[in-house]
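A closer look at the structure
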Amino acid sequence: MNRIFSVSNIYLALWCLFNVTFATSNMVSRPLFVVIAAITAYYIVFNYKDYKRNLYMSGLVLLLVMFFAYGVELILSGKVYYIEFVNKKVDNPVYLITVFKSLCPIIPFYILTKKGYISEKTISIWVPIFLLTTGVTYALTYEKMLMESMTGRTDFVNNQGYMFASIIPLIFFVQRKTWVKYLYVAIIMAFVFMSMKRGAIIIGALCLLYYLRNQLKLSQGSQKPFVVISVLLFLGIGFVFLSRYFANNSFFASRVLDTLEGNTSHRDEIYGFFWKYYMNNASFIQQLFGCGANYTLSIGENYAHNDWLELLINNGLLGVICYFIYWIRAYKQYDATAESVVKYALCCALIFAFLKSFISMSYGDIGTYLALCIGYCVARNDMFKQNLINENKLSI
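So, a few notes on the structure that sits alongside this text. Owing to the predicted nature of the structure, the values given are computational and were not obtained by experimental measurement.

Rules and cut-offs
- Within each chain, residue numbers correspond to sequence positions counted from 1 in written order.
- For a predicted model such as this one, the threshold for reporting local features is a pLDDT of at least 70, and the threshold for listing and counting side-chain atom pairs is 80 or more; totals across whole chains, interfaces and linings nevertheless cover every residue.
- Side-chain numbers here rest on the full set of heavy atoms in the structure, without hydrogens or water.
- Every case where a carboxyl oxygen of Asp or Glu lies within 4 Å of a side-chain nitrogen of Lys or Arg is listed as a salt bridge.
- Classification of ring pairs rests on two measures: the distance between centres of Phe, Tyr or Trp rings, Trp counted by its six-membered ring, which must be within 6.5 Å, and the angle between planes, read as stacked under 30 degrees, edge-to-face over 60 and tilted in between.
- Any Lys NZ or Arg CZ that is within 6 Å of a ring centre and within 35 degrees of that ring's normal is treated as a charge sitting over the ring.
- Elements are defined by DSSP. Helices are runs of H or I of four residues or more, strands are runs of E of two residues or more, and each kind is numbered from the N terminus.
- Given a helix with a known number of residues, its expected span is that number minus one, times 1.5 Å.
- Only protein chains enter the accessibility calculation, which uses a 1.4 Å probe; a residue is then buried when its area is under 20% of its type maximum, exposed when over 50%, and partly exposed in between.
- A 3.5 Å cut-off defines polar contacts: any pair of N or O atoms within that distance qualifies, except that in protein one atom must be a possible hydrogen donor and the other a possible acceptor, and neighbouring residues in sequence count only when both atoms are side-chain atoms.

The next point concerns the pattern of salt bridges. Applying the stated criterion across every chain yields a total of four salt bridges. Between lysine 356 and aspartate 365 there is a salt bridge, and its shortest N-O distance comes to 3.3 Å.

With the rule as written, the count across this model stands at 36 aromatic pairs. Taken together, a centroid distance of 5.3 Å and an interplanar angle of 80° make the contact between tyrosine 42 and tyrosine 43 edge-to-face. Taken together through their ring pairs, the aromatic side chains of Tyr56, Phe67, Tyr95, Trp308, Tyr323, Tyr326, Trp327, Phe354, Phe358 and Tyr363 make up a single cluster. Here lysine 101 stacks its cationic end above the ring of phenylalanine 22, 5.1 Å away from the centre of that ring. The positively charged end of lysine 343 is found above the aromatic ring belonging to tyrosine 334, 5.1 Å away from the centroid.

Taking 1.5 Å of rise per residue, the 23 residues of helix H4 (residues 55-77) would be expected to cover 33 Å, and the 34 Å separating its terminal C-alpha atoms lies within 8% of that figure. Those residues of H4 that sit buried are Tyr56, Met57, Gly59, Leu60, Leu63, Leu64, Met66, Phe67, Tyr70, Gly71 and Leu74. Sitting at the head of H4, asparagine 54 places a side-chain oxygen 2.9 Å from the backbone nitrogen of tyrosine 56. Within two residues after H4, glycine 78 carries a phi angle of roughly 75°, on the positive side.

If you want it as structure tokens, here you go:
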């Protein structure tokens, strides 16, 4: 009973409830977020000594401090921004809230892992729950778009494709039979393709191939032939499913053909616009320190949908350098990871987030599952190193 109501299970349950309710009801999601924010802030503030020396965490804290400074300045300035593309006002605190709910949970997950609350068994239990709640969120999001549609159309691009794809790195830690893990991955990829989100499809497919490749590397002895056959069978069934889905779904087929023809939903035009603004219109001080949080909304119809350009406009070279330092330290953390399965999972999570930073919004929308995976992997490596140190001391 104590394990069921452990702090890690409560924290994860709150995040699952928040993710579901956020898609439909602010009345429910807001009080949930207040509770989540209080727990998250507690671990960040009162457990600083537990993570301050970690290389990855130092890069994360640097990034958070920068976002906090710009977010506070935005709130105090009283500026008003709109997403003209959908004619929606963006409240100034949303800038801080977005970054907080994306990046900050990494720290509590790290601490909870080091304290023994999160393990591979914990992740194994929660992955099917993640699949269920994300499926519910997917359905609710689709229903909401259907109700808001004024054209009677039924084919939509569903952003929950990214959330489904972000579960893949956690599959490395699932302690279940091989067929169960492949079933999880199949469910994930089915929803990713049904989401019609091209970025999620590309990144999800790459993460899937990376996962399958490393499943082959991790298999040993008599397991090897079975794993090889399983992978080939999985890919074969997947190919048949995709072929039929392409033939029977005209919207999916058009999305694929648009991608092959270089149609990027005007991303190239958006990127070019923001780059030209930075080079030609921003003052020297603005080029160094940016124009301020959410300033992309002041000059464009929407966000840049590219972390690096968003930071360049809003936070200047300072923001880009802080983000670059974060990624350098993330790579060094990966490179220093000793346990194979942890290294593969961390690499998969970082690949996901890094690729997303170029085609969407990554630092503002990492998601619960990637935050859990990164926090868990970083903590596992620290625990592994500490165990080696303790063993060496005992052997002397």
